[in-house]
Amino acid sequence: MIVLEFKFNACNFLIMHVKTFSIFQDPLKPCCRGVSSASNCGSMDEQGDRLYQVCSSPWYTFFWDSVHPTQAGWSVVIPSLRPTLDQLLSSL
């Protein structure tokens, strides 16, 4: 539950502040994507060929795939979530 809420807050933060992060070329477009609507990041066919493409500049994308932020994505979200994380960890 906490992980889901954390991811939602991170994504919500991006959507609300997308214009302020000029480092991201297309913030909502993931770096790793399926080559068709039937495949996704990491999909392979029966011969072991990749059914996905990876962008050439992941440091300019917020999302790695349709769910997970890249390192660059987390680097802009973590400062805003730090107080919540600190509070959560102090209560354990």
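Predicted model only: the values in this text are computed from it and were never measured. (Residues numbered from 1 in each chain as written. Predicted model: local features only at pLDDT ≥ 70, side-chain atom pairs only at ≥ 80, totals over all residues. Heavy atoms only, no water.)

**Q** What am I meant to see in the overall build of the protein chain here?
**A** Tallying secondary structure elements over the protein chain gives two helices and two strands in all. When its helices and strands are written in sequence order, the protein chain yields α-β-β-α. For the protein chain, contacts bridging at least 24 residues in sequence account for 46% of all contacts bridging at least 6. Looking at the protein chain as shown, the accessible area adds up to about 6,600 Å², and 58% of this sits on carbon and sulfur atoms. (Helix = DSSP H or I, 4+ residues; strand = E, 2+ residues; numbered from the N terminus. Contact = heavy atoms within 4.5 Å. Areas by Shrake-Rupley, 256 points an atom, 1.4 Å probe, with all protein chains shown as cover.)

**Q** Explain the state of the cysteines to me, please; I cannot follow it from the model alone.
**A** The term disulfide refers to a covalent linkage connecting the sulfur atoms of a pair of cysteines. Evaluated as defined, the whole model comprises two disulfides. Between the sulfur of C32 and that of C41 lies a disulfide, 2.0 Å long from S to S. Taking the torsion about the S-S bond as the criterion, the C32 to C41 disulfide, at about 95°, is right-handed. (Disulfide = S-S within 2.5 Å.)

**Q** Could you clarify how one ought to interpret a nonpolar patch on the surface in this entry?
**A** On the surface, I23, W59 and Y60 cluster together into a nonpolar patch covering about 310 Å² of accessible area. Positionally, W59 belongs in the loop between strand 2 (52-54) and helix 2 (71-90). Assessed through its relative accessible area of 49%, W59 is described here as partly exposed. (Patch = residues over 30% accessible without salt bridge, like charges linked within 9 Å, V, L, I, M, F, W, Y side chains within 5 Å. Salt bridge = Lys/Arg side-chain N within 4 Å of Asp/Glu carboxyl O. Buried < 20%, exposed > 50% of the residue type's maximum accessible area, 1.4 Å probe, protein only.)

**Q** How do you make sense of the packing of aromatic side chains when you look at a structure like this?
**A** The description of an aromatic ring pair rests on the distance of the ring centres and on the angle between the ring planes. Within the structure shown, the criterion is met by two aromatic pairs. With a centroid separation of 4.8 Å and 75° between ring planes, the pair formed by F62 and F63 is classed as edge-to-face. As far as the burial class goes, F62 and F63 line up, both buried. One cation-aromatic arrangement involves R50 over Y52; the distance from NZ or CZ to the ring centre is 5.2 Å. (Phe/Tyr/Trp six-rings, centres within 6.5 Å; stacked < 30°, edge-to-face > 60°. Lys NZ or Arg CZ within 6 Å of the ring centre and 35° of its normal.)

**Q** Can you walk me through helix 2 in this structure?
**A** Residues three or four positions apart in an α-helix share a direction because the helix packs 3.6 residues into each turn. Taking 1.5 Å of rise per residue, 20 residues should cover 28 Å, yet helix 2 covers just 25 Å from first to last C-alpha, more than 12% shy of that figure. Largest kink in helix 2: about 55°, centred on L81, with the proline P83 one to four residues after it. Among all positions of helix 2, only A72, G73, V76, V77 and L81 are buried. (Expected span 1.5 Å × (residues − 1). Bend = angle between axes of the 7 residues up to and from the residue.)

**Q** Mind showing me how you'd approach the nonpolar core here?
**A** Soluble globular proteins: nonpolar side chains tend toward being buried together. Listed in full, the seven residues of the largest apolar core are F24, F62, F63, A72, V76, V77 and L81. Dropping the residues within four chain positions of it, F24 is found in contact with W59, Y60, T61, F62, A72, G73 and V76. (Core = buried A, V, L, I, M, F, W, Y, C linked by side-chain atoms within 4.5 Å.)

Distances and angles like these do not, on their own, reveal function.
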